[in-house]
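Read off the chains here:
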Amino acid sequence: MVNQTIFITDWWIFGATIFSGLLTATATLVAVIYTHKKTIETYEKDKDYQYKKDKLVIIKPYLKFCSFGNVIDELITYNNRERVLVLSSPKDGFDFYDDSEKLYTENHRLFCVKNESRNNLHALNVNIKTKLTTESNAIIEEQYNNNIKLLRGGEEFILRVHNNEQRKKLWEQLDNNRQVELWFDVQITYSTEAKERIIYRFESKIQNIPETKVIEGKNVISNNAKITIIKDEYQKDATMNLNNVETASVFRNLQDNIVIDRANYLHKKIGAAQAEGLMSQMGTVINTAQNTKV
């Protein structure tokens, strides 16, 4: 008798094993594709966030009280060659600047904004509202817009926080030591290189509240200016996507007024300061000698 071994194949188990393997491979492939897609999406989001962060520019305004001639002297002294734009309302024009005498003799309350970053700002819209209120409740108001297409890194713009009429009335009140308030609200909207639209708002008031001091036994009334910052804030404007502004406003560039040899001018300034210091020291020595004799 011959022994025979018969192999019986269970095709159901075989098919289930093959199908299970295919299902596992398919699930693994889908998981890999999904993970890869999510990794790419996360990377793109991080890349976009980092790009916007790198291109974000936070402007920093500051206030000055001086003439435009003083600002020009400052540009020469620090050898600043970047554009410094002077803005004004269509009503006032630039008589306060184009008149060479007023340029150096008239002081103004100035609102200055400098792009301290290396990134450019585009499509700037500058809206300013001002209101002067006197002691007798007389009110002079003003509102106007300026548009700047491009403000490069290191460039700056300056505007007055009063118009000609307000300035005249303000100085009249100050000369008579009267209480007066100058309120102004500046809103600056601009686009970054990452196509984000930023709104900056600055609101402040400058009050002159005269005070009485006793000097050499006499009551003397003197002006006392106080500056209050009411609002200083930023926000992203999700409702606007402007790459271009309306027609750019007329402006003046302070650099155009520097037609002298900067180095020679600076040497003269230093020489004058040294001479003044020397005369002051000589005066101190002479006074000391006289006091010693007495």
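Higher on the page you've got the structure.
Described below are features of the structure shown in this document. Note that the coordinates shown come from a computational prediction; the quantities given were computed from them, not determined experimentally.

With that settled, the discussion passes to the pattern of salt bridges. For the coordinates displayed, the defined rule picks out 10 salt bridges. Here Asp 95 makes a salt bridge to Lys 102, at a shortest N to O gap of 2.5 Å. On the accessibility criterion, Asp 95 (42% relative accessible area) is partly exposed. Here Lys 236 ties to Glu 196 by a salt bridge, and the two come within 2.9 Å at their closest N and O atoms. Within this pair, whereas Lys 236 is found in strand S11 (residues 225-236), its partner Glu 196 is found in the loop between strand S7 (180-191) and strand S8 (197-208), the two being separated by 40 residues in sequence. Classification of Lys 236 by relative accessible area gives exposed; the value is 55%.

With that settled, the discussion passes to the sheet that holds strand S5 (residues 139-151). Taken in spatial order, the 5 strands of this open sheet run S5-S4-S7-S8-S11, and their pairing is antiparallel. For this open sheet the edge positions go to S5 and S11, each flanked by a neighbour on one side alone. Strand-to-strand twist of the sheet, defined as the mean angle between neighbouring strand axes without regard to direction, takes the value 10°. Judged from the 12 bridges that link them, strand S4 (residues 121-134) and S5 form a sheet pairing that is antiparallel. Its bridge partner lying in S5, His 122 is registered against Leu 150.

What follows deals with empty space enclosed by the protein. For the coordinates displayed, the defined rule picks out 1 cavity of 30 Å³ or more. Taken as a whole, the largest cavity holds about 40 Å³ of empty space. The wall of the largest cavity is formed by Leu 87, Ser 88, Ser 89, Asp 92, Tyr 144, Arg 160, His 162 and Asn 163. Here the lining of the largest cavity is composed, by residue class, of 2 nonpolar, 4 polar and 2 charged.

Definitions and limits used
- Residues numbered from 1 in each chain as written.
- Predicted model: local features only at pLDDT ≥ 70, side-chain atom pairs only at ≥ 80, totals over all residues.
- Heavy atoms only, no water.
- Salt bridge = Lys/Arg side-chain N within 4 Å of Asp/Glu carboxyl O.
- Buried < 20%, exposed > 50% of the residue type's maximum accessible area, 1.4 Å probe, protein only.
- Helix = DSSP H or I, 4+ residues; strand = E, 2+ residues; numbered from the N terminus.
- Pairing = 2+ DSSP bridges.
- Axes fitted to C-alpha atoms, helices over the stretch in contact; angles between N-to-C directions.
- 1 Å grid on protein atoms, 1.4 Å probe; cavity = no way out; pocket = protein on both sides within 12 Å on 5 of 7 lines; lining within 4 Å.
- Points joined across faces, edges and corners; volume = space filled by probe spheres on them.
- Nonpolar A, V, L, I, M, F, W, Y, C, P; charged D, E, K, R; others polar.

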